[in-house]
Every structure is written in structure tokens, then in C-alpha cells.
Amino acid sequence: KDSQHKKRMLYAAALKRVPLLGGLDGSKVAQIVDASTAHDYDTGQLILRESEPGSDFFVILNGSVECTRYVAGANDSVCPTLE
């Protein structure tokens, strides 16, 4: 139970650092935390693909993500690496 509380606090702190979510009050952040699921991804693993429908919101807790677009047979970076 204590580890679950620590995990909730970690997620809440991470969400408050997201500019889009920074203005939310504690109860709204708690609702998002309660609805959240953590996922681990391997280096190089595809997380999502452009043009495919999506319904997830990602917050990077540890590591980094590179956003690329497949153009003319190669992956081109479309924004700075996200951390």
C-alpha cells in the first residue's frame, strides 16, 4: 500500500510538470493519476504511428522519445528529442 501511494505521488508530480496540465487542481490530477497506466518501452520500440487513430496521452517519467516521420524510405526527426 505504501508503494502504491509513492507511485501515485510520483505520477501526480510528473503531471504537474506538464505545462498543459499544470493549472489543474489536486482533485483533477488525482483523477488522471487514478485512470493512468504505466508502460515500459524498449529502446527503438515503436510507440505509435502517424495516421493511426490514438486515444492515449503519454507522459515521459524516465528516458526519452524521438518523434520521427517516415519519408522517402527514411525516418526524419520532426521535433527535438522529448525527455
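What this report covers is the structure whose coordinates are included nearby. Everything numeric here is computed off the predicted structure, so don't read it as measured data.

A tally of helices and strands in the chain yields two helices and two strands. Sorting the 83 residues of the chain into buried and exposed places 10% on the buried side. Contacts spanning at least 24 positions in sequence make up 21% of the contacts within the chain whose residues lie at least 6 apart. The positive charge centre, built from 9 side chains, and the negative charge centre, built from 11, are 11 Å apart in the chain.

Relative to the assigned elements, Gly-22 resides in the loop between α1 (2–16) and α2 (26–35). When its relative accessible area of 41% is taken as the criterion, Gly-22 is described as partly exposed.

Here we take up the pattern of salt bridges. Enumeration according to the criterion identifies three salt bridges in this entry. Here Arg-8 ties to Asp-34 by a salt bridge, and the two come within 2.6 Å at their closest N and O atoms. Pair noted here: Arg-8 is in helix α1 and Asp-34 is in helix α2, with a separation of 26 residues, a long-range link. Measuring nitrogen to oxygen at the nearest pair gives 3.4 Å for the salt bridge that ties Glu-52 to Arg-49. Exposure remark for Arg-49: the relative accessible area of 47% places this residue in the partly exposed category.

Attention shifts here to α1. The terminal C-alpha atoms of α1, which comprises 15 residues, lie 21 Å apart, in line with the 21 Å expected from a rise of 1.5 Å per residue. Regarding α1, the residues found buried are Tyr-11, Ala-12, Ala-14 and Leu-15. Down the axis, α1 shows its buried residues gathered within 160 degrees of arc, on one side only. In α1, the exposed positions that point more than 90 degrees away from the buried face belong to Ser-3 and Lys-6. Its buried side turned inward, α1 meets α2.

Let us now look at the environment of Leu-61. Structurally, the position occupied by Leu-61 is in the loop between α2 and β1 (68–71). The spacing of Leu-61 and Ser-77 is 16 residues in sequence and 21 Å in space, taken between C-alpha atoms. When sequence neighbours within four positions are dropped, the list of residues in contact with Leu-61 reads Tyr-11 and Ala-14.

About the thresholds
- Residues numbered from 1 in each chain as written.
- Predicted model: local features only at pLDDT ≥ 70, side-chain atom pairs only at ≥ 80, totals over all residues.
- Heavy atoms only, no water.
- Helix = DSSP H or I, 4+ residues; strand = E, 2+ residues; numbered from the N terminus.
- Buried < 20%, exposed > 50% of the residue type's maximum accessible area, 1.4 Å probe, protein only.
- Contact = heavy atoms within 4.5 Å.
- Lys, Arg positive; Asp, Glu negative; His and termini not counted.
- Charge placed at Lys NZ, Arg CZ, Asp CG, Glu CD.
- Salt bridge = Lys/Arg side-chain N within 4 Å of Asp/Glu carboxyl O.
- Expected span 1.5 Å × (residues − 1).
- Arc of directions from axis to C-beta.

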